[in-house]
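Working through the structure, step by step
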Amino acid sequence: MEPFFLKMIQFSQRHWRDILMATILGAAFSFFSYQRFGLVPPIVFEGKYLDIWFESDCPRVYKMMTDTKADHTRAKVHPLFALLAFPPVYALEKMLTHDAAAAVRLFNAGVAFVWVFAFFILLRLMGCRSLDALLLSLLAAVSAAGMFFFAIPETYPLGSLSLLAAFLVLAASQLRTLSPFGYILMNLGT
């Protein structure tokens, strides 16, 4: 059996155009998400006012991403969010920015990159041509969700990413047999 990294190298050699296209698309969406986050007034995610940004809970989510003593009463709705969002935001804050808002902004930009990259790859696995996958991914990036919820601290981008991961597992299972462990991980993640 070939080592995993050799399989990955062979895969990337066969599909380098798609990987390059998804990377460029992800970098562009990440950049625009980062820029849009900077346009949002800090009162939206640091203020005391709830429900001022399209039914989102920005102050609560921001606290969950930056403070270990945050109010986790809604953890029953999004049980893994704080476990997934706090460690990278904390690492970004301590290593790069020393500013919690900037760390959340970088984290959101990273999630935006992974989200649009995964969306493009999903479309390609479903059989879309490269140009069609590119156009549909651009459409998803400029949709209301792409424009508004990737520009603020919110749980929706990570939730959407978990669903994309489930669809990727489903699409990959049509091409090759996956181990039951992969399905168990997918169920836990979603």
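Let us look at the structure shown here. (Residues numbered from 1 in each chain as written. Predicted model: local features only at pLDDT ≥ 70, side-chain atom pairs only at ≥ 80, totals over all residues. Heavy atoms only, no water.)

**Some remarks on the environment of Pro 87**
Summarising the element assignment, Pro 87 is placed in helix 5 (residues 81–97). The class for Pro 87 is partly exposed, based on a relative accessible area of 42%. Residues Pro 87 and Met 65, spaced 22 residues apart in sequence, show a C-alpha to C-alpha distance of 8.3 Å. (Helix = DSSP H or I, 4+ residues; strand = E, 2+ residues; numbered from the N terminus. Buried < 20%, exposed > 50% of the residue type's maximum accessible area, 1.4 Å probe, protein only.)

**Examining the packing of aromatic side chains**
Taken as a whole and assessed by the stated rule, the structure comprises 8 aromatic pairs. Ring geometry for Phe 29 against Phe 150: centres 5.2 Å apart, planes inclined by 70°, an arrangement best described as edge-to-face. Residue Phe 29 is located in helix 2 (residues 16–39), and its partner Phe 150 is located in the loop between helix 8 (144–148) and helix 9 (156–175); the two are separated by 121 residues in the primary sequence. The burial state of Phe 29 is the same as that of Phe 150; both residues are buried. Aromatic side chains Phe 113 and Phe 117 sit 5.9 Å apart centroid to centroid with 25° between the ring planes, which places their arrangement in the stacked category. Taken as a pair, Phe 113 and Phe 117 lie in helix 6 (residues 100–125) at a separation of 4 residues, close to a single helical turn. By the ring-pair criterion, three or more aromatic residues cluster together here, those being Phe 29, Trp 115, Phe 119 and Phe 150. Sitting over the face of the ring of Tyr 34, Arg 105 holds its NZ or CZ atom 3.9 Å from the ring centroid. (Phe/Tyr/Trp six-rings, centres within 6.5 Å; stacked < 30°, edge-to-face > 60°. Lys NZ or Arg CZ within 6 Å of the ring centre and 35° of its normal.)

**Overview of the layout of surface pockets**
By volume, the second largest pocket amounts to about 330 Å³. Around the second largest pocket, the lining is made up of 15 residues, and of these Leu 80, Leu 158, Gly 159, Ser 162 and Gly 189 lie nearest the centre. Elements with a contribution of two residues or more to the lining of the second largest pocket: helix 5, helix 9 and helix 10 (180–189). Among the elements that make up the lining of the second largest pocket, the one with the highest residue count is helix 9 (5 residues). Looking at the lining of the second largest pocket residue by residue, the class counts come to 9 nonpolar, 6 polar and no charged. (1 Å grid on protein atoms, 1.4 Å probe; cavity = no way out; pocket = protein on both sides within 12 Å on 5 of 7 lines; lining within 4 Å. Points joined across faces, edges and corners; volume = space filled by probe spheres on them. Nonpolar A, V, L, I, M, F, W, Y, C, P; charged D, E, K, R; others polar.)

**So, a nonpolar patch on the surface**
A contiguous nonpolar surface patch, about 430 Å² in accessible area, is contributed by Leu 136, Leu 139, Val 142, Met 147 and Phe 148. Of all the secondary-structure elements, those providing two or more residues to the nonpolar patch are helix 7 (130–141) and helix 8. With respect to the element layout, Phe 148 can be found in helix 8. (Patch = residues over 30% accessible without salt bridge, like charges linked within 9 Å, V, L, I, M, F, W, Y side chains within 5 Å. Areas by Shrake-Rupley, 256 points an atom, 1.4 Å probe, with all protein chains shown as cover. Salt bridge = Lys/Arg side-chain N within 4 Å of Asp/Glu carboxyl O.)

**Quick look at the nonpolar core**
Counting 42 residues, the largest nonpolar core has Phe 29, Phe 45, Met 65, Phe 81, Phe 107, Trp 115 and Leu 158 as its most contacted members. Taken together, the elements giving at least two residues each to this core come down to helix 2, helix 3 (43–46), helix 4 (58–66), helix 5, helix 6, helix 7 and helix 9. Top contributing element to this core by residue count: helix 6, with 13 residues. Setting aside its immediate chain neighbours within four residues, Phe 45 contacts Phe 37, Val 40, Cys 58, Pro 59, Tyr 62, Ala 101 and Pro 153. (Core = buried A, V, L, I, M, F, W, Y, C linked by side-chain atoms within 4.5 Å. Contact = heavy atoms within 4.5 Å.)

**A word on the pattern of salt bridges**
What the rule picks out here adds up to 2 salt bridges. Between Arg 124 and Asp 18 there is a salt bridge, and its shortest N-O distance comes to 3.0 Å. Of this pair, Arg 124 sits in helix 6 while Asp 18 sits in helix 2; the two residues are 106 residues apart in sequence, bridging distant segments of the chain. Since its relative accessible area comes to 27%, Arg 124 is described here as partly exposed.

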